[in-house]
Amino acid sequence: MKISLILISILVCFGCVSCDKVNNPIQSEQIIVSNRKVLLEDYTGHQCGNCPNAARTAEQLSAQYGANLVVIAVHAGFFTKLNAPDFVTSYTCQVGNDWDAASGGFGISSAGNPNGMVNRKDNGSGLIQKETKWGSSIAKALQAPDLCDMWLTLNYNTISNTLNTTVKTKFKKTYGSNTKLSVVLTEDSIIGPQKDYTQNPDVITNYVFMHMLREGINGSWGDPLKYAPIKYADSVTLSYNNFQVNAVKYKPNNLYVVAFVYDATTKEILEVEKAKVIK
Amino acid sequence: MTLSRFFKSSVTAAFLFLISLKPFKGFTQNVSDEINSIHGNFQIDAQYYNADSLIGAPKVPEKMLSNAFGNINYQKGKFSAGMRYEAYNNVMQGFDARYKGQGITNRYARYQDKLLDITIGNIYEQFGGGLILRTYYEPGLLYDNSLDGIRVISNPYKGITLKGLVGKQRSFFTVGQGIVRGVDGEVNINEILDSLAKNIKTKVIVGGSFVSKFQIDEDPHFNLPQNVGAYGGRLNVIRDGFNFFGEYVYKENDPSVANASSVEGKNYYSYRHGEAAFMSMSLAAKGISFMIQGKRVDNMSFRSDRDATLQNLLINYLPATTRQHTYLMPAYSPYATQPKGEVGGMAEMQYKFAKGTLLGGKYGMDITLNASMANGLKVIGVNDSSSYSTLYTTNYSDVGEQYYHDYFIEINRKFSKKIKGTLMYANQFYNKNIVQYGSPNAGYKNIVSNIIVVDLTYKYKPGSAIRFETQWLGRDNKDTLNLGSWASELIEWTPTSNIFVAVLDQYNYGNPVESLKLHYFLVSAGYTSGPHRISFSYGKQRAGIFCVGGVCRNVPASNGLAVSITSSF
């Protein structure tokens, strides 16, 4: 009996002190100085009424972290389906569908929308993260060691609507896994209908979509960049020339190229860079 | 080391451990004398999927998907141990893809004597009615919020039970970030007052709990409470056919994704407290019984990870005070408690017309009258997002918009030695915006359904029967956002007690879109032999949407062949 009472007493004491009352919820803004850039992927859909909340979070974070944060809005899954009269334009693409797939991809929409990933890394509560988690994951990612530098050079031909992309990478540390490079096209300021459950009526007809994933320049999973072992100062340059941009579907002035280096095994993103197609 | 890595590395250890128990008779002559029991069960569900654009069944790259698990439990005297292996190759449609792969997802060892009961490993536990803590496993829903840790239960004195536990909750093939700690005490007053217990018919049991979770605060914008505590008490009074149970739980500030709100385009957590109250009272006498239940829930999504959604990492359980129907059409729009805020209740009366009376006839007749409803709380906004950030408040006396109601009458009657039947009528109200999408602005209309069920069983010889079931669900067929009315027919033949064959047709004859007035045929058959059961079904199943806490997941329609095998030993 003594043993059980001692054990229970320990747990009672342990439990009773375990409660924090917070009277000052808002933190003073912290400034993180970092050379790193972090990729936030927001998986969304125009019929997902909870998704604009997540998009607003992405915009707030984007404003806070500036060039240190690159956002891609991936339209994929059930909530991208088309329904007349409002939802008649598809914003999905093959790359987004492959990334979202339950089989071979990250299975984001099977876990529900909105959801996202920060650098495709599990920061302790899973790879797939709700928007309330993005801020802390980005802050953590920005403070991680900087693995490599990236330089993006774009050359867009406004007559033929072709795009030449050159990605130069230089490793700043040794790395023990194979790496890959993905290069994709995103577009800002697309106007169309979006469900938003914070609004009444719930369909916003002139919603402004930002950071929308449009196409893969080198497929859904990119190309091998550098095989392990990777040494300090190893440098690789990959070029993708004469990529045909669909200037009818997209507005070239609103297009960006996002390139990211990732671990071929874990798929964790190691570095990301973004550049405007037409400056 | 993550638990998934531990699970994988522990496969060999667990296997060696079970082998070392020598549970098989062939090992040595006297092993069977040493072993009290070894038991377990297996279940395999697999489906071959056909794409069907009409019903929205997607193409499945693997063609076939399967969910499987097996439990093995061993007991010897005061010691018991067990494990569960789960395999998803890949997980079936409609479930979270984070269930991927296979491994040992549950293992425990327990020692139990009169004074002490200690468990290490995965723990299933409930404090009181579960408002503050309940961990359980429901394989059909792939729900498992078990605590991986340690639990101590003690009975220091007759009638007193003390429990303490600490651990992390299962999350797919790993564990969640948060740590859960809890203590619970229950006193059976009659057992303590031993001499009185013999004379007093009224039994009184009181209990109290404290549960706390810890999760590190890494948020760059908010000061989040790393330790969130909840505490509550309960009372149970029993006398003859009377039973009263009441429980109240209060939760300290618990900002989480479940109570986050958008204020002027910015997302804020609510630092408001949470509370839940539940009561149930029943009275039973010969041939008649009454039951009433009521509850009020306010900001009571209690999870070990403040960013978890849907059914992940829930610490507590908020019971639905509505009837969970088993017939298809009354269960078409099921209701689940809204943890953000709800006030609801249910009243039920069951009466048995005695044999030989006018309504009872030769065999008697049972009638059930049930009424349940749920409303939201009337929320009053508080403009404090830049200070205390409670964001809203509520009044006990105010009730918000209606979420659900279900009024039904069910009559069960045996007409002859061979024929018995069930007749049911239900009227249901379903606030689709809230129940499915968690928002009053989701754009759907409320659905009012009238439902009739007729179920007749003709038992033509012992162990052999034919069952006919016809159901109708009438709804507004002009509402293009919903699917309109349905009719359902079922014929089930049980030639012997261990075989069944059934044909089901669900016909969406009231779909407002002409081309979607579809039949959903499903043919099924099954065979049972002792502890083994195998069943097949082929046909179409409807799609659905599942939303909790601002996250929605699609359960797609499917068309194909499904196989289910269950076995226990």
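Cut-off values and rules
- Residues numbered from 1 in each chain as written.
- Chains lettered and ligands numbered in written order.
- Predicted model: local features only at pLDDT ≥ 70, side-chain atom pairs only at ≥ 80, totals over all residues.
- Helix = DSSP H or I, 4+ residues; strand = E, 2+ residues; numbered from the N terminus.
- Buried ≥ 20, exposed ≤ 12 C-beta atoms within 10 Å, placed from the backbone.
- Contact = placed C-beta atoms within 7 Å.
- Nonpolar A, V, L, I, M, F, W, Y, C, P; charged D, E, K, R; others polar.
- Core = buried A, V, L, I, M, F, W, Y, C linked by C-beta atoms within 7 Å.
- pLDDT = per-residue confidence, 0-100.

Asks: Residues and numbers for the overall build of chain A, please.
Replies: Within chain A one finds four helices and 13 strands. Residues classed as buried in chain A amount to 44% of the 279 residues present. Counting contacts in chain A only where the partners sit at least 6 residues apart, residues at least 24 apart contribute 70% of the total.

Asks: Give a description of the overall build of chain B that names residues and reports values.
Replies: Across its full length, chain B carries five helices and 32 strands. With respect to the principal axes defined by its C-alpha atoms, chain B has extents near 75 × 65 × 55 Å. Looking at the 569 residues of chain B, the share that counts as buried comes to 35%. Expressed as a percentage of contacts within chain B between residues at least 6 apart in sequence, the contacts between residues at least 24 apart total 56%.

Asks: Break down the interface of chain B and chain A for me, with residues and values.
Replies: Residue-level contacts link 60 residues of chain B with 56 residues of chain A. Those elements that provide at least two residues to the side of chain B that touches chain A are β10 (147–157), β11 (160–171), β12 (174–188), β13 (203–214), β14 (227–239), β17 (266–268) and β31 (551–555) of chain B. Among the elements that take part in the side of chain B that touches chain A, β12 of chain B stands out by supplying five residues, more than any other. Partitioned by chemical class, the residues of the side of chain B that touches chain A number 24 nonpolar, 25 polar and 11 charged.

Asks: Residues and numbers for the nonpolar core, please.
Replies: The biggest cluster of nonpolar side chains holds 77 residues, and the ones touching the most others in it are Val38, Leu40, Ile138 and Val258 of chain A. The greatest single-element share of this core, amounting to eight residues, is contributed by strand β12 (residues 255–263) of chain A. With residues near it in sequence (within four places) discarded, isoleucine 138 of chain A still touches Val38, Leu40, Leu61, Tyr65, Leu69 and Val118 of chain A. Phe127, Val249, Ala276 and Leu313 of chain B belong to the second-largest nonpolar core, a separate cluster that totals 25 residues.

Asks: Explain the confidence of the model for chain B to me, and be specific about the residues and the numbers.
Replies: Residue and element names in this part refer to chain B. Per-residue pLDDT for chain B has a mean of 89; in total, 91% of the residues score no lower than 70. Highest mean pLDDT in chain B belongs to strand β15 (residues 242–251) (98); lowest belongs to helix α1 (residues 3–20) (41). Low pLDDT, under 50, characterises residues 1–33; the predicted model gives this stretch 30 contacts beyond four residues in sequence or across chains.

Asks: Requested: an account of the environment of leucine 147 of chain B, with residues and values cited.
Replies: All names here are of chain B. Of note, leucine 147 is situated in strand β10. Exposure remark for leucine 147: the 28 C-beta atoms within 10 Å place this residue in the buried category. When the C-alpha positions of leucine 147 and lysine 168 are compared, they lie 5.3 Å apart, and in sequence the two are 21 residues distant. Residues contacting leucine 147, with those up to four places away along its chain left out, are Ile123, Glu125, Thr135, Leu165, Gly167, Lys168, Gln169 and Val180.

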